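Listed below, chain by chain, are the residues.
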Amino acid sequence: MPTRKPTPTRTPTPTPTPTPNSLTECSELRKSVQQLTAEVEQLKKNPESAKLATPTPTPTPPPLDPNQKCPINKYGIELLPIPGKSFCMGKYEVTQAQWKSVMGYNRSKFKGDSLPVEQVSWFEAQDFVNLLNASNDGFNYRLPNEEEWEYSCRAGTTGRFYGDLDEISWFEEEEDDYGGRFGRDRHAKTHDVGGKQPNAFGLYDMSGNVWEWCQGWYDEDDKDMRVLRGGSWHSYPERRLSSSFRSGIRPDDREDYVGFRVLAERPAATIAAAAPTP
């Protein structure tokens, strides 16, 4: 008769003793469940409380009062309110005196404190406005975008130019029949800002003197060049001085016919503080 093998005895698995960490996690989980249960019971009693709160809209900057004077900041940059818009625009192109007082150097080709600064790259213009913002004078400074620049340039006009070119612009004359340029000795350089007539918004040199850097890309798909507007002392009038003409160069380029002017707007916190209470 075969010998019967004994049935093996199964050793019971010991129950783990809760550690302090696991006790804490259990306690926190129990509190979370109790809190959720209480919220569900509250929703059952008051279903209206389940509706999402309407988010507070971001305040829209109101147009500035045309009679309001924008500040002349400590660097002497004079700003004018643009009618119908919420920003101020530099009355003049940034001068070499203003540039030197902020940046501490000046590499312009045509030297003169009242001449527009030139031979500054787009990146250096960004450095300039960043230092202006560090002064915390109540405005945010930046380069204008194209829409802001053109609106400010046109000042309500709809033609190619916002005025008679001889009265509003410094530019290079057209070639004559012999390949010479009329008035080249007179025009082939920058000139003191404000030497010609302003547009209807009171802005000077929006056409001619120096091209002005804008914030955006010349081609949004390519993103190789930054936009220039306004033409310069080096521009032929019929080609490049119109209010709508746009050009562009690489943002690290420096040319003796390229400068900029600044735009200033009130910070969002200031707008919110000034907004009426509903």
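The structure this text deals with has already been given above.
These remarks concern the structure in this document.

Conventions and cut-offs
Residues numbered from 1 in each chain as written. Predicted model: local features only at pLDDT ≥ 70, side-chain atom pairs only at ≥ 80, totals over all residues. Heavy atoms only, no water. Helix = DSSP H or I, 4+ residues; strand = E, 2+ residues; numbered from the N terminus. Buried < 20%, exposed > 50% of the residue type's maximum accessible area, 1.4 Å probe, protein only. Contact = heavy atoms within 4.5 Å. Areas by Shrake-Rupley, 256 points an atom, 1.4 Å probe, with all protein chains shown as cover. Phe/Tyr/Trp six-rings, centres within 6.5 Å; stacked < 30°, edge-to-face > 60°. Salt bridge = Lys/Arg side-chain N within 4 Å of Asp/Glu carboxyl O. Pairing = 2+ DSSP bridges. Axes fitted to C-alpha atoms, helices over the stretch in contact; angles between N-to-C directions. Arc of directions from axis to C-beta. Polar contact = N/O pair within 3.5 Å; in protein donor to acceptor, adjacent residues only side chain to side chain. Parallel < 35°, antiparallel > 145°, perpendicular 65-115°, else oblique. Left-handed = near helix turned anticlockwise from the far one by under 90°. Nonpolar A, V, L, I, M, F, W, Y, C, P; charged D, E, K, R; others polar.

1. A few points about the overall build of the protein
1) Next: The secondary structure content of the protein amounts to 8 helices and 8 strands.
2) Next: Taken across its 278 residues, the protein has 38% of its residues classed as buried.
3) Next: A separation of at least 24 residues holds for 62% of the contacts in the protein among residues at least 6 apart in sequence.
4) Next: Split by element, the accessible area of the protein, about 16,800 Å² in all, is 52% carbon and sulfur.

2. Description of the side chain of Thr 95
1) Next: Structurally, Thr 95 can be placed in the loop between strand E2 (87–90) and helix H2 (96–103).
2) Next: The exposure class of Thr 95 is buried, given its relative accessible area of 8%.
3) Next: Dropping the residues within four chain positions of it, Thr 95 is found in contact with Asp 113, Ser 114, Leu 115, Pro 116, Val 117 and Val 193.

3. Section: the environment of Ala 188
1) Next: Mapped onto the secondary structure, Ala 188 falls in the loop between helix H6 (184–187) and strand E4 (211–217).
2) Next: With 21 residues separating them along the chain, Ala 188 and Asn 209 place their C-alpha atoms 9.7 Å apart.
3) Next: Ignoring sequence-local partners within four residues, the contact set of Ala 188 consists of Phe 110 and Trp 233.

4. Focus on the packing of aromatic side chains
1) Next: Enumeration over the complete set of coordinates arrives at 9 aromatic pairs.
2) Next: Centre to centre, the rings of Trp 99 and Phe 128 are 5.4 Å apart; their planes meet at 5°, and the pair counts as stacked. Within this pair, whereas Trp 99 is found in helix H2, its partner Phe 128 is found in helix H3 (residues 122–133), the two being separated by 29 residues in sequence.
3) Next: Taking the relative accessible area as the measure of exposure, Trp 99 reaches 0% and is therefore buried.

5. A look at the pattern of salt bridges
1) Next: This model, assessed by the stated rule, comprises 15 salt bridges.
2) Next: Between Asp 224 and Arg 250 there is a salt bridge; the shortest N-O distance is 2.8 Å. Taken as a pair, Asp 224 in the loop between E4 and strand E5 (226–229) and Arg 250 in the loop between strand E6 (246–249) and strand E7 (258–259) lie far apart in primary sequence, 26 residues in all.
3) Next: Accessibility expressed as a relative area gives 30% for Asp 224, which makes it partly exposed.
4) Next: The network of salt bridges with common partners includes Glu 146, Glu 150, Arg 154, Arg 229 and Arg 246.

6. Some details on the sheet that holds E5
1) Next: The sheet built from 4 strands is open, its strands ordered E6-E5-E4-E7 with mixed pairing. Whereas interior strands pair on both sides, the edge strands pair on one side only; in this sheet they are E6 and E7.
2) Next: Relative to E7, E4 is paired through 2 bridges, and the arrangement is parallel. When the bridges of E7 are listed, Trp 211 appears paired with Val 258.

7. Side note on the sheet that holds E2
1) Next: On the basis of which strands lie adjacent, the open sheet formed by 4 strands has the order E1-E2-E8-E3 and antiparallel pairing. The outermost strands of the open sheet, each flanked by one partner alone, are strand E1 (79–81) and strand E3 (140–142). Each adjacent strand pair in this sheet contributes to an overall mean axis angle of 30°, direction not counted.
2) Next: Sheet topology note: the E3/strand E8 (residues 263–265) ladder contains 3 bridges and is antiparallel.

8. Details of H2
1) Next: Along H2, the residues that are buried comprise Gln 96, Gln 98, Trp 99, Val 102 and Met 103. Within H2, the buried residues cover an arc of 160° as seen down the axis, which keeps them to one side.
2) Next: Of the residues trailing H2, Gly 104 is marked for its positive phi of about 85°.

9. Description of the side chain of Ser 232
1) Next: With respect to the helices and strands, the residue Ser 232 is situated in the loop between E5 and helix H7 (237–240).
2) Next: A polar contact is formed between the side chain of Ser 232 and the backbone nitrogen of His 234, at a distance of 3.0 Å.

10. Some remarks on the packing of H2 against H3
If you want to describe how two helices pack, look at the angle between their axes and the distance between the axes.
1) Next: Orientation of H2 relative to H3, taken along the N-to-C sense of each, is 70°, at an axis distance of 10 Å. Comparing the axis directions of H2 and H3 gives the class roughly perpendicular. In this structure, H2 meets H3 at a crossing whose hand is left-handed. Residue-level contacts link Gln 98, Trp 99, Val 102 and Met 103 of H2 to Glu 124, Ala 125, Asp 127, Phe 128, Leu 131 and Leu 132 of H3.
2) Next: Residue classes in the contact of H2 with H3 are distributed as 7 nonpolar, 1 polar and 2 charged.

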